[in-house]
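Commentary on secondary and tertiary structure
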Amino acid sequence: MIGLLKNVKWVFVFYSIAALLAMAGIGLAVGLRSVLGIFAAILVLCLIMGMGFKKKKEMREAGLL
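This section reports on the structure supplied with the text. Everything numeric in this text was worked out from a predicted model, so none of it was measured. (Residues numbered from 1 in each chain as written. Predicted model: local features only at pLDDT ≥ 70, side-chain atom pairs only at ≥ 80, totals over all residues. Heavy atoms only, no water.)

**Things to note about the overall build of the protein**
The helix and strand tally for the protein stands at three helices and zero strands. Secondary structure elements of the protein, listed N to C terminal, follow the sequence α-α-α. Scaling as 2.2 N^0.38, a compact globule of 65 residues should have a C-alpha radius of gyration of about 11 Å, whereas the protein reaches 15 Å, well beyond that. Its C-alpha atoms give the protein principal-axis dimensions of about 45 × 30 × 10 Å. In the protein, buried positions account for 14% of the 65 residues. Across the protein, the fraction of contacts at a sequence separation of at least 24, relative to all contacts at a separation of at least 6, is 59%. As displayed, the protein has an accessible area near 5200 Å², and 74% of this comes from carbon and sulfur atoms. (Helix = DSSP H or I, 4+ residues; strand = E, 2+ residues; numbered from the N terminus. Rg over C-alpha atoms; globule rule 2.2 N^0.38 Å. Buried < 20%, exposed > 50% of the residue type's maximum accessible area, 1.4 Å probe, protein only. Contact = heavy atoms within 4.5 Å. Areas by Shrake-Rupley, 256 points an atom, 1.4 Å probe, with all protein chains shown as cover.)

Quick look at the structure:
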């Protein structure tokens, strides 16, 4: 089990948790019938995903992946 945790890229774990929370925010906004909240949560999700893909590209080019 410890061997599996040694190779984890924790930055991607944090990005995925943040994206999960943004998706939950979309669901919450839908439940509250808040159009502004839906669009805000979608924007946050897109920003988080974009930052994650950018970080992955940077790490791949640096040879860290």
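**Here's the deal with the nonpolar core**
Within the largest apolar cluster, six residues are counted, these being Ala 19, Ala 22, Ile 26, Ala 41, Leu 45 and Ile 48. Of all elements in the fold, only α2 (10-32) and α3 (35-61) reach the threshold of two or more residues within this core. Apart from residues lying up to four places away in sequence, Ala 41 is in contact with Ala 22, Gly 25 and Ile 26. (Core = buried A, V, L, I, M, F, W, Y, C linked by side-chain atoms within 4.5 Å.)

**Some thoughts on the packing of α2 against α3**
Look at α2 against α3: their axes get within 8 Å of each other, and the N-to-C directions meet at 165°. Overall, the two elements α2 and α3 adopt an arrangement that is roughly antiparallel. Of the two elements, α2 crosses α3, and the hand of that crossing is left-handed. Of the residues belonging to the contact of α2 with α3, the class tally is 19 nonpolar, three polar and two charged. (Axes fitted to C-alpha atoms, helices over the stretch in contact; angles between N-to-C directions. Parallel < 35°, antiparallel > 145°, perpendicular 65-115°, else oblique. Left-handed = near helix turned anticlockwise from the far one by under 90°. Nonpolar A, V, L, I, M, F, W, Y, C, P; charged D, E, K, R; others polar.)

**Some details on α2**
Each α-helix winds once per 3.6 residues, and so residues spaced three or four apart point in a common direction. The end-to-end C-alpha separation of α2 is 33 Å, in line with the 33 Å expected for 23 residues at 1.5 Å each. The complete set of buried residues in α2 reads Ala 19, Ala 22, Ile 26 and Ala 29. Just beyond α2, the residue with positive phi is Arg 33, at close to 60°. (Expected span 1.5 Å × (residues − 1).)

**Focus on α3**
Between its first and last C-alpha atoms α3 spans 39 Å; for 27 residues at 1.5 Å apiece the expected length is 39 Å, and the two agree. Of all the positions in α3, only Ala 41, Leu 45, Ile 48, Gly 52 and Met 59 are classed as buried. For α3, the secondary structure elements touched by its buried residues are α2. After α3 finishes, the residue Gly 63 shows a positive phi value of roughly 80°.

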